[in-house]
Structure formats: structure tokens, C-alpha cells
Amino acid sequence: MLRKFHSLPGLLAGLFLMVLSVTGAVLALAPALERASAVIPASGEVSIAELADRIVAHYPGTEQIVREPSGKVIVYYSRDGQAGADLVNPVTGEGTAPYEPSAFFSWIKDLHRAFMLDDAGRALAGVLAVLMVLLCLSGILLIARRTGGWKNILRPLSGSGGKRIHAELARFAVLGLLLSALTGSYMSAQRFDLLAEAPDTGPRFPADVSGGQPSPVGTLKALGNFDLGELRELVFPYPGDPQDVYSLSTSGGSGFVDQATGELLQFQPRSDGSILQHWIIRLHTGEGLWWLGLILGAAAMTVPVLSVTGATIWWQRRRSSGQLPDNADPAQADTVILVGSEGNTTWGFARELHSSLNKAGFRVHCSEMNALAERYPHASMLFVLTSTYGDGDAPASARRFMARIGDFRAEKNLRYAVLGFGDRQFPSYCQFALEVDAVLARKGMNRLLAIELIDRCSAAQFSEWGNRVGEVIGTPLFLNYCALQPATVKLELVERADYGIAVQAPTSIFRFKPAEQGGWLTASPRRFKALPPFEAGDLLGVIPPHGQPPRFYSLASSANDEIVEICVRKQAGGLCSGYLHDLKPGDCIDG
Ligand SMILES: Cc1cc2nc3c(=O)[nH]c(=O)nc-3n(C[C@H](O)[C@H](O)[C@H](O)COP(=O)(O)O)c2cc1C
């Protein structure tokens, strides 16, 4: 359920989210670029009065001074009847360049905010922001589940390929993405009046203006009391109108300054709502917080990769666990197959069982163990096929099984058989299957067949189990499981170190590198790009000869070592350990 909740919004909105995130990442660069080009005096070095004084010396027709969150100061002026706007150096008051907002950033902003579609596009961007919140929250829960709980959330992740990339990137980016998505949703909700905007009308025009002779702006006491860093905007009085005043807006509030006495009139501090609103905009855009902008930008850049890897994972999962033909309704089925799987290989076995039972005339319902119904009214046979994961834990599609079994009401004639899939190399061999078998027995159900455990996907064991089931149900079953071989890389044995021969415990350290495959892979770092990223402790699956399923060995090296190292003890009669121990340097394996 949680996985569906995560993948559905991702699949529906993937393309749009990519546009939103890439444009967001570009926009996130703006605060850092602006900050890099802005001259920012130290706090307390320049007051607003001093700034205005210096600017007026160079721009006698100054009408307005604006300080942007990045620290850039812009003067709007009139000269010879022509209006102009320049960037100024706040220390000298001199103009540095004409002020021309970047056409490129304006275009990107339009694309980001509204997909160039006005209100419809803005609404779409708002919906996408909400979907992103859902994706982030469900993603965090999935990572916590995968790592075995909140305490382990930063624990190294196992696995490889797209799944590993997806989980690692998501863990790195999720807080940044969540912050952008929450603030974006808030801003959209305000835009469409779903949330009230903080009223910030500013103070009323003052009634008690002195009307005296204007003083030079640099001498005005009120302006001298504010630091340049607090300035948002200073609007000059209309020239020649002694009743007019300076309008001042600062980070703390807004008010007026008498142009003759320099008194601060009607200053109104910002409301809490307005401060919150301002912070939400800053946290979304990184305005004035260039470092946050860069973090949010980096997080946003992961979205295209997350979308592509997410869609690939969904497709692979669907393909391997996907729709079974002729899957009976659970309420009508006479036979039920429940599947517990993490990497989907168990689904291949379940499909084969489903198809054979269907051919034998049974009405078979097959689903994941998490989807255990409260009852199967017409079922007389229940098969549970499950792998074991982690350290004897339930695989992903069976994690909720134990919680649901309490509500399960077994019909009197319902008999069950559990088939565990695991690997003898793990100390908790098929542990979860054993627990499931025990819990069904505790519910008072009768076994159709005693539990059996299949080691490393043995097709032969599975087929024998099928024969036994066939005998019990009185209909021969020919279970012929063909494993899909996973994608492999050819590894060449570079060297081996042998120990323990004298004490009859032959153990060898094998060091492999990706085998040369034509010219372009010959340079060593490039060859290692042929491998998925791996770390010491991850598992290397080695394909033994004669098409047997892979055997797993713990890696003793990481991708940075540029060598694939495993340590293998030769087992008496061991198919894969014997195969590895017969290798000479220069021989190749598939792994
Ligand atoms: C990370 C990892 C942990 C595993 N833990 C166990 C375990 O504790 N006990 C066990 O018997 N098998 C364990 N296995 C082996 C799997 O159960 C076995 O490969 C199974 O066939 C996988 O089936 P699935 O792909 O349907 O999940 C583990 C495999 C992996 C990759």
C-alpha cells in the first residue's frame, strides 16, 4: 500500500516534476550568483541615511532605493525627464551597471511557477508541490522500513543498481525536497486563497507632517538609526512638496520619515503572519540565504534521476510480480497462493505453481502475503511461498502478514503448505518461512504438507516438492521453474591467495577485475564503471556452471579499491565453492 502510495504520484507526475525541479535548481543558483556580485558592507558600517546621502550625491534625481535580499542595492531615478535604474555600490553610492533583470531567469521563473500557462499552470504547479510532499513522506517511511526502523535510517543500504541509486539519492535529498515542496504548497495555497494571506497594508499616511524646509537626506535622524542591512525600500518624497514624506520599509516593519525634522512617523512593525510569509518565501527561493539555495538546488537536481530510477523499479517489479493470467477472485478461489518476496524471484516459482494448478483445473488466486484476506470462503488449499530477508526477517511483500494473521479466519477444511526460499549461507536460513508455518499451525490449521525449504532457488528441489504436492492432492503437478538469469559482468581472476590446505580447510581469497571487453574498457577506472557501485559487506552473486542460480558471497572490497575481493572456503561437494577453487589467474566468471 505504502509503495503504491509512493509510486503512483511519481508515475503520474514524473515528467512535470522533472521540469519543476530542474527549473527550481536553476533558479536556486540565482541567490548565490547575486550574492557573489553584490558588495555587502559589514553590519553597522553603513546606515540608511549614509547610503541615501551617497547615492543622492551621484543621482540627484533619486526616487527610490531598493535593497534586494541578496544585498544588491538598486536606485531608481529620473534624469532629464528620463527614468532609469542602476545597481549601485552601497559603500560609495556610485552606479556600477544599469539594472536589467535577467531575461533568462525570468523565463525560467515563468516555467517554474506556471509552465507558461498562467493560472492553470500555477494550479498545476501547486498540485505538483502537494504530490511532492506525499512522495517525500512516503519515501521517508519506505527508507525507514528498508533500513529496519528510524534508528537505522542512516545505516548503509544494501542492494545495487537502480534501487540502490534511488534509495541513496532519496536519503540525501529528501529533506531539501520536502522543504521546497511544503513551502511551494503553502505559497500556492495562498495564491488560490485556500490559505489567508497575512494582511500587511502598512501604516496610514501620517497626519502630523511638519511641512518645514527639507533637510539633506544624510542628516535625517530616523534614517540614521537603521542599518543598511535592514533596508528593503526607501521611497523619496515628491520634489517640491513639503507635505510629502519618505516611505521606509525595513525587515522589521514600515513607516514614514518627516523630510524636515527627520522624525519617524507611524512606524508599524511587521505582523507575525507577515514574518512567517516572508520566511516561507525565503525558504523556498533561498533569497538572502544563498547557501540554502545551493542545498535546495542540489536536492532538486536529484529528481530527474529519482524519477527515472523510480519508474524503472516500478516497471521491473510489475514485470516480475505482475498480472497473473486467470487469477481467480479470492472469494471464489478453491486454492490460494500467497507470496512473500523482496527481490521477486519467489514470484517466478509462484507463477509456475499457479499455472500448473490452473491447468489441473483448480480456481487459483495468487497475491502477495501482505494482501492476506480475512477469509477465503471457498478455499481448501493455501500455499505460502516466501523468502527470508535482512537477518531472518520478512521480505517486503510479507511485512504486514504477521499483523494481519490475527484477523484471518480459516475455514475448517483449509489445509496449508509453506515453501521457504532462502540461502543456507545465512545463519537464519528460511527463518521467516519457519515462523509463518508455526503461526498457521497455532491458528489450528492442518498441514497439507510439512514445510520445505528451497536453498538458493533450486529448480530441482521445487520440482520434487511439486511431485509431493501432486501426490497429496491426487493430481500430478509438473513444476518446471526456469530462472531468469540476472544481468552479469564478466570478472577475470587477477590473483588468489590460498590458506588452510594443511588443516583440511582450504580457504582462498580471490581478487577479480572486470574482464577486458574490447578497446574502450581497457583503462582501469573505466572498467570499474562496468560494475554497479558496491561496498565491503555487499553480496556478489556468482553464477556457477550449468545454468545454476547464483551463489552469494560477501565482498571484502569496495568499488574504490578497484578490485572485487571475496574469501571462499571450499565446501565438501559445494558446487560454486568447488568451481571457484578450481580457477586459475586469467580465468573468468559471471558475477
Ligand atoms: C540482503 C539479503 C539478505 C538475505 N537474508 C537471508 C536470510 O536471513 N535467510 C535466508 O535464508 N536467506 C536470506 N537471503 C536469501 C534470499 O532469501 C533468497 O535469495 C531468496 O531466494 C530471495 O527471494 P526473493 O527474490 O523472492 O526475495 C537474503 C538475501 C539477501 C540479498
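Keep in mind that this is a model prediction, so the values were computed, not measured.

1. Description of the pattern of salt bridges
Then, number 1: On inspection of all chains with the given rule, the structure shows 20 salt bridges.
Then, number 2: For Glu-342, the salt bridge goes to Arg-399, with nearest N and O atoms at 3.2 Å. One end of the pair, Glu-342, is in the loop between strand E9 (335-340) and helix H9 (345-359); the other, Arg-399, is in the loop between strand E11 (381-387) and helix H10 (401-404), with 57 residues separating them in the sequence.
Then, number 3: As a salt-bridge pair, Asp-423 and Arg-456 come within 3.7 Å of each other at their nearest N and O atoms. Of this pair, Asp-423 sits in the loop between strand E12 (415-422) and helix H11 (431-442) while Arg-456 sits in the loop between strand E14 (452-455) and helix H12 (459-473); the two residues are 33 residues apart in sequence, bridging distant segments of the chain.
Then, number 4: Using a relative accessible area of 19% as the deciding quantity, one classes Arg-456 as buried.
Then, number 5: Through salt bridges with shared partners, one network takes in Arg-164, Glu-168, Arg-171, Glu-535 and Asp-538.

2. Quick look at the sheet that holds strand E16 (residues 507-514)
Then, number 1: Within the open sheet, the four strands sit side by side as E19-E16-E15-E20. Their pairing is antiparallel. Two strands bound the open sheet, and with one partner strand each, they are strand E19 (564-569) and strand E20 (588-590). Each neighbouring strand pair of the sheet contributes to a mean axis angle of 40°, computed without reference to strand direction.
Then, number 2: Sheet analysis places strand E15 (residues 490-499) next to E16, joined by eight bridges and oriented antiparallel. By the bridge assignment, Tyr-499 is partnered in E16 with Thr-507.

3. Details of the state of the cysteines
Then, number 1: The final tally for this structure, using the stated rule, is zero disulfides.
Then, number 2: Between Cys-588, a cysteine without a disulfide, and Cys-576, which holds the nearest cysteine sulfur, the sulfur-to-sulfur distance is 15 Å.

4. Some details on the site of the ligand
Then, number 1: Lining the immediate surroundings of the ligand are 21 residues, of which Ser-341, Thr-345, Thr-346, Thr-388 and Cys-430 lie closest.
Then, number 2: Gly-392 is positioned with one of its backbone polar atoms (N or O) 3.0 Å from an oxygen atom of the ligand.
Then, number 3: Backbone polar atom of Cys-430 to an oxygen atom of the ligand: 2.8 Å apart, as the coordinates give it.
Then, number 4: Starting from 650 Å² of accessible surface for the ligand in isolation, the protein chains cover 89%.

5. Some details on unusual backbone geometry
Then, number 1: The phi dihedral of Phe-115 falls on the positive side, at around 50°, and the residue is not glycine.
Then, number 2: One can find Phe-115 in the loop between helix H3 (103-114) and helix H4 (118-147).
Then, number 3: For Arg-456, which is not glycine, the phi dihedral falls at a positive 50°.

6. Regarding the side chain of Ser-558
Then, number 1: The topology assignment puts Ser-558 in the loop between strand E18 (551-554) and E19.
Then, number 2: Residue class for Ser-558 comes out buried when judged on its relative accessible area of 16%.
Then, number 3: If we ignore the near neighbours within four places in the chain, the residues touching Ser-558 are Phe-534, Glu-535, Ala-536 and Ile-563.

7. Topic: the sheet that holds strand E3 (residues 82-88)
Then, number 1: Ordered in space as E4-E3-E2-E1-E5-E6-E7-E8, the eight strands form an open sheet in which the pairing is antiparallel. With one partner strand each, in any of the chains shown, strand E4 (95-98) and strand E8 (264-269) form the two edges of the open sheet. Taken pair by pair, the neighbouring strands of this sheet meet at an average axis angle of 20°, ignoring direction.
Then, number 2: Relative to strand E1 (residues 62-67), helix H2 (residues 48-58) is tilted by about 130°, and along the sheet it contacts E1, strand E2 (73-79), E3, strand E5 (231-235) and strand E6 (245-250).

8. With respect to the domain arrangement of the chain
Then, number 1: According to the domain assignment, the chain consists of domain 1 (2-36 + 104-198 + 279-313), domain 2 (41-90 + 201-270), domain 3 (322-473) and domain 4 (490-590).
Then, number 2: A straight line from the C-alpha centre of domain 1 to that of domain 4 covers 40 Å.

9. Structural notes on the packing of H9 against H12
Then, number 1: Direction vectors running N to C along H9 and H12 enclose 30°, while the axes themselves pass 12 Å from each other. Here H9 lies roughly parallel to H12, going by the angle between them. Considering the relative orientation of H9 and H12, their crossing is right-handed. Contacts between H9 and H12 involve Phe-349, Glu-352, Leu-353 and Leu-357 from the first element and Phe-462, Trp-465 and Ile-473 from the second.

10. Brief notes about the side chain of Thr-507
Then, number 1: Secondary-structure assignment places Thr-507 in strand E16.
Then, number 2: Sequence-distant contacts of Thr-507, that is, excluding residues within four places in its chain, are made with Ala-497, Asp-498, Tyr-499, Cys-567, Val-568, Arg-569 and His-581.

11. What to know about the packing of H3 against H4
Then, number 1: Following both chains from N to C, one finds H3 and H4 inclined at 65°, their axes separated by 6 Å at the closest point. Accordingly, the angle class assigned to the pair H3 and H4 is roughly perpendicular. For the pair formed by H3 and H4, the contact residues are His-112, Arg-113 and Ala-114 on the first element and Asp-118, Gly-121, Arg-122 and Ala-125 on the second.
Then, number 2: Of the residues belonging to the contact of H3 with H4, the class tally is two nonpolar, two polar and three charged.

12. Points about the environment of Val-19
Then, number 1: Within the element layout of this structure, Val-19 appears in helix H1 (residues 2-37).
Then, number 2: Looking at Val-19, the relative accessible area reads 30%, which means it is partly exposed.
Then, number 3: When residues no more than four places from it in sequence are discounted, the contact partners of Val-19 are Leu-111 and Phe-115.

13. Some words on H4
Then, number 1: The terminal C-alpha atoms of H4 lie 43 Å apart, and with 30 residues this matches the ideal 44 Å at 1.5 Å per residue to within 8%.
Then, number 2: One or two positions beyond H4, positive phi appears at Gly-148, with a value near 90°.

14. Description of the pairing of strand E10 (residues 364-368)
Then, number 1: With four of five residues buried, E10 is to be regarded as a mostly interior element.
Then, number 2: Tracing the backbone out of E9, into H9 and back to the parallel element E10 gives a crossover that is right-handed.

15. Focus on the pairing of strand E7 (residues 253-258)
Then, number 1: For E7, the tally of buried residues reaches six of six residues, placing the bulk of the element in the interior.
Then, number 2: Here E7 shows no split at all, with Gly-253, Gly-255 and Val-257 on one side and Ser-254, Phe-256 and Asp-258 on the other all buried.
Then, number 3: Looking at chain direction, E6 and E7 are connected through five bridges and run antiparallel. Counterpart to Val-245 in the pairing with E7 is Asp-258.
Then, number 4: Linking E6 to E7, which pair antiparallel, is a turn of two residues.
Then, number 5: By the bridge criterion, four bridges tie E7 to E8 in an arrangement that is antiparallel. Across the sheet, the residue bridging to Gly-253 is Pro-269, located in E8.
Then, number 6: Connecting E7 to the antiparallel partner E8 that follows it, the hairpin turn spans five residues, and Gly-262 within it adopts a positive phi of roughly 75°.

How each quantity is defined
Residues numbered from 1 in each chain as written. Predicted model: local features only at pLDDT ≥ 70, side-chain atom pairs only at ≥ 80, totals over all residues. Heavy atoms only, no water. Salt bridge = Lys/Arg side-chain N within 4 Å of Asp/Glu carboxyl O. Helix = DSSP H or I, 4+ residues; strand = E, 2+ residues; numbered from the N terminus. Buried < 20%, exposed > 50% of the residue type's maximum accessible area, 1.4 Å probe, protein only. Pairing = 2+ DSSP bridges. Axes fitted to C-alpha atoms, helices over the stretch in contact; angles between N-to-C directions. Disulfide = S-S within 2.5 Å. Near = heavy atom within 4 Å. Polar contact = N/O pair within 3.5 Å; in protein donor to acceptor, adjacent residues only side chain to side chain. Areas by Shrake-Rupley, 256 points an atom, 1.4 Å probe, with all protein chains shown as cover. Contact = heavy atoms within 4.5 Å. Domains from an automatic or database assignment. Parallel < 35°, antiparallel > 145°, perpendicular 65-115°, else oblique. Left-handed = near helix turned anticlockwise from the far one by under 90°. Nonpolar A, V, L, I, M, F, W, Y, C, P; charged D, E, K, R; others polar. Expected span 1.5 Å × (residues − 1). Right-handed = clockwise from strand over helix to strand, strands pointing away.

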